[in-house]
Amino acid sequence: DPHHDSPNTIFALSTAAGKSAIAVVRISGPACMDIFASLCPSTSPPKPRRATLRTLYRPHTNEILDPGSIVLYFPGPRSVTGEDTLELHLHGGPAIVRAVLGAIPQAHSRHRIVYAEPGEFTRRAFANERLTLPQIEALGDILSAATEQQRIQSVRSSTSALSQRYEGWRAALIAARGELEALIDFSEDQQFETSSSELLRNVVVAVERLRGVLKGHVANAMKGEMLRSGISLALVGAPNAGKSSLLNRVVGREAVIVSGEAGTTRDVVDLSVDLGGFMVVLGDTAGLRVGDVAEGVGEIEKEGIKRAKKRVMEGDVVVVVLSVEETADGPQIKISPEVCDVVREVAGKEIIVVVNKMDLLPGATLPREVLDKIATSMPGLPPGRVFGISCTTEAGAGIQEFLNGLITIFKEMTSPVSSSASSDDWHESIGATERQRLLVEECIESLDSFLAHTSSELEEETDVVVAAEELRMAAEALAKITGRGEGAGDVEEVLGVVFEKFCVGK
Ligand code: GDP
Ligand code: ZN
């Protein structure tokens, strides 16, 4: 079988299906020039890396498929996949695309020509070392980035710099292990001498330093995960405070039922919105019932309240919604103990307070005593976190200021923590994926075991052997991140997961 000694040549439509001005078909593999010769007979081959205008014909006929296509040829290995690649920029009519895709496998070639699997071009790029595994993950993020912050994050991690850092850490661990192993050999004929314990001391110091760097990386990666999956925002407040009204204002459409009857919002409704470039997941929650009213609460609503509390606990940012109420003594702001309890329970989360229904208050600003009352009933609330709003006035008074306050919090939450390393490095950490972060945590665990082993005086040779083994496992966790090196394991599984979200043609 002549097909067996060379890889398949793959082809696919790389642009979206349907009518468009231009459609790009990508081809990768040894049959590129055969396909060109079949589609564009009796013309000179395209110059590498130059745009060439060509008429495409159905192979073995003089029937024109596309009267004018731009053809681009990138000979391997300096191509996106590392193989010969050919790009055909066709007129984007669906019938033209269909005809060309049908004609490509009919080209005269001794190589097999097949339609590509999802992500197969990228898979070849990895196999030919054109891209690292973290770069491929970043590519997945680039393709799914929906907000400006997600775009910035994915672009930052698309360079090889992140992979290089993982490689650097792994090299450091391998070097440390090498030093320990020298110690094992050395101790074979004599007891540990001062010199050898000093050597061990140096290894321990180096491992401790690396552990600190890895910890910082994990903290930043978690911030990055928040950017990727969306910052979770939970609204809490008494029934009828205006949570649903506020949510609708923020989303800008009537997405959640707003009702004057207490307890309408029985379940948690999550909505994703772009706020100032941040992906935010908003959750409307059942109102937290106040005092005596709770006796009349039905079963379904109790369940709603339970879920609401759970949702608040899962949120990254908690928006406390208070409101002005008409009373016999005039308009007042009620701060229920239930709401204060929640604020106490979520201590450590970012909290922002809005006072809704400002339109009911004479004078548009919050009186000093109200601000003081909020500050004393919610100790720990940072200054500048209380906003007066009105959801039902036409312009939505105060809502823009509140949103700006929120965005400031988002920026603070997601800006990378710095350490001794340069700030650029920390920006890259933001792009680390959850998979990478979990493996770094695995690495840290091994380093912790290593440090536990070496904290006391090592007397036995076997102690050193165990400690060296911890370093080997730590290095393997890092090898799994890049998919290269000793102990990297099966990258196929990882690639499968990454490519699930890739489309055909990428
Ligand atoms: P939730 O139970 O906290 O979700 O409260 P809703 O959003 O359902 O609102 C309860 C009631 O308050 C509705 O009748 C709203 O029209 C009303 N409401 C909401 N925001 C304002 C506001 O800014 N001013 C006034 N006067 N009424 C409001
Ligand atoms: Zn509601």
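Heads up: the structure comes first, above all this text.
Sequence positions are assigned chain by chain, starting from 1 and proceeding in written order. Here chains are named by letter from A upward and ligands by number from 1 upward, in the order in which they appear as written. Whole-chain, interface and lining totals are the exception, using all residues; otherwise, since this is a predicted model, local features are given only for residues with pLDDT of at least 70 and side-chain atom pairs are given and counted only at 80 or more. Hydrogens and water are ignored here; the side-chain numbers use all heavy atoms of the structure.

1. Details of the pattern of salt bridges
Using the following cut-off: One side-chain nitrogen of Lys or Arg within 4 Å of one carboxyl oxygen of Asp or Glu is enough to make a salt bridge. Each helix is a run of H or I in the DSSP string that is no shorter than four residues. Each strand is a run of E no shorter than two, and both are numbered from the N terminus. The buried label goes to any residue with under 20% of its type's maximum accessible area, the exposed label to any with over 50%, and the partly exposed label to all in between, with areas taken from a 1.4 Å probe on protein chains only.
Throughout the structure, instances matching the rule amount to 17 salt bridges. For E137, the salt bridge goes to R435, with nearest N and O atoms at 2.9 Å. With a gap of 298 residues between them, E137 in helix α4 (residues 133–144) and R435 in helix α14 (residues 434–455) connect regions that are remote in the sequence. Two residues, R228 and D141, come together in a salt bridge whose shortest N-O distance is 2.9 Å. Here R228, found in helix α7 (residues 194–229), pairs with D141, found in helix α4; they are 87 residues apart in sequence, far enough to count as distant. The class for R228 is partly exposed, based on a relative accessible area of 23%.

2. Some remarks on the side chain of S154
Note the threshold: We call two residues contacting when some pair of their heavy atoms lies within 4.5 Å.
Residue placement: S154 occurs in helix α5 (residues 148–156). Discounting residues that sit within four places of it in the chain, S154 has contacts with A138, D141, I142 and A145.

3. Some words on the packing of α4 against helix α16 (residues 491–499)
A pair of packed helices can be characterised by two numbers: the angle between their axes and the separation between those axes. This is how the line gets drawn: Here, axes are lines fitted to C-alpha atoms. For helices the fit covers the stretch in contact, and angles between N-to-C directions go from 0 to 180 degrees. Angle categories: roughly parallel below 35 degrees, roughly antiparallel above 145, roughly perpendicular from 65 to 115, and oblique for all the rest. Helix crossings are classified by the rotation of the near helix relative to the far one: an anticlockwise turn of less than a right angle makes the crossing left-handed, while a clockwise turn makes it right-handed. Residue polarity follows a fixed list, in which Ala, Val, Leu, Ile, Met, Phe, Trp, Tyr, Cys and Pro are nonpolar, Asp, Glu, Lys and Arg are charged, and the others, Gly among them, are polar.
Here α4 crosses α16 at 15°, and the two axes come no closer than 10 Å. When the interaxial angle is binned, α4 and α16 end up roughly parallel. Considering the relative orientation of α4 and α16, their crossing is left-handed. Along its contact with α4, which presents L133, I136 and E137, the element α16 presents V491, V494, L495, V498 and F499. Its residues assigned to classes, the contact of α4 with α16 comprises seven nonpolar, no polar and one charged.

4. Some points on the sheet that holds strand β6 (residues 113–115)
The line we're drawing: Note on pairing: two strands pair once DSSP finds at least 2 bridges between them.
What the six strands build is an open sheet, ordered β3-β4-β5-β2-β1-β6; its pairing is mixed. One side of each edge strand has no neighbouring strand; the edge strands of this open sheet are β3 (52–57) and β6. In this sheet, adjacent strand axes meet at a mean angle of 30° when their direction is disregarded. Together, β1 (9–13), β2 (22–28) and β6 form the strand contacts of helix α3 (residues 120–127), whose direction differs from that of β1 by roughly 140°.

5. Here's the deal with the packing of α4 against α5
Across the interface, α4 lies against α5 with an axial gap of 8 Å and an inter-helix angle of 160°. Comparing the axis directions of α4 and α5 gives the class roughly antiparallel. When the axes of α4 and α5 are compared, the crossing they make is left-handed. Contact residues: α4 offers A138, D141, I142 and S144, while α5 offers Q150, S154 and V155. Its residues assigned to classes, the contact of α4 with α5 shows three nonpolar, three polar and one charged.

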